[in-house]
Amino acid sequence: MDIKNPVESPVTFNLHRLEYLVAFAVTIGFILWHFTDINWLAAIGLFLYIDLLGYIPGAIAYRRSADGRIHKAYYVLYNSMHSLLSVAAVGLLWMWLIGPEWALLALPFHVFGDRGVFGNFLKPFGLPFEPEDTPLVHQLTALLKRRSATDGPVPLPYEEHPATIAAVGAHR
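An unreviewed UniProt entry annotates the chain as Integral membrane protein originating from Streptomyces katrae.

(A) Local environment of a nonpolar patch on the surface. Nonpolar side chains collect at one region of the surface, where Val11, Leu15, Leu18, Leu21, Val22, Val26, Phe30, Trp33, Trp102, Val117 and Phe118 lie side by side and expose about 1,100 Å² of accessible area between them. Position of Phe118 relative to the elements: it lies in the loop between helix H6 (106–116) and helix H7 (135–148). According to the relative accessible area criterion, Phe118 is exposed, its value standing at 58%.

(B) Spatial organisation of the environment of Ile50. In this structure, Ile50 sits in helix H2 (residues 40–54). Sequence spacing of Ile50 and Asp67 is 17 residues, and the spatial spacing of their C-alpha atoms is 26 Å. The residues touching Ile50, leaving out its near neighbours within four places in the chain, are Tyr55, Met81, His82, Val87, Leu107, His110 and Val111.

(C) Representation of the side chain of Thr27 within the structure. Position of Thr27 among the secondary structure elements: in helix H1 (residues 10–33). Ignoring any residue separated from it by four or fewer positions in sequence, one finds Thr27 in contact with Leu105, Pro108, Phe109 and Phe112.

Reading the values: the criteria
- Residues numbered from 1 in each chain as written.
- Predicted model: local features only at pLDDT ≥ 70, side-chain atom pairs only at ≥ 80, totals over all residues.
- Heavy atoms only, no water.
- Patch = residues over 30% accessible without salt bridge, like charges linked within 9 Å, V, L, I, M, F, W, Y side chains within 5 Å.
- Areas by Shrake-Rupley, 256 points an atom, 1.4 Å probe, with all protein chains shown as cover.
- Salt bridge = Lys/Arg side-chain N within 4 Å of Asp/Glu carboxyl O.
- Helix = DSSP H or I, 4+ residues; strand = E, 2+ residues; numbered from the N terminus.
- Buried < 20%, exposed > 50% of the residue type's maximum accessible area, 1.4 Å probe, protein only.
- Contact = heavy atoms within 4.5 Å.

Now the structure itself:
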């Protein structure tokens, strides 16, 4: 994945998740280290607000929708609440108003867990709100996998790979 190709293969997606799993493990380490210092009521509230505002409304709307299509506002809510930028802002605001405390570990614990454990990243408008098999995504990832399946240098050039020829020929 790069600036011109913002698409991940299954391997790079799992490597991306692994980075968040490591951060999740570090967060768990801090939680265990400071277990008795944590204000658990505050930690639970900090953990839950992310989904109460960012996930639950969209999940309800999605399940109530006859065709699986919901308003973009639900995606924006999800992405806003699950952003490292917004949880950092909440953490900074909490520290300014209430003071620093170990309960704030609930914020990275939630986001790192969602991304590392569950593989849930920010939601693009072009995909269903809840995870579903998407044929176009499967086609693209299969094409990336086939282009990488060579004994020589990778990726196999587009014009030389039968899958690319078939895919491009089908769309001309």
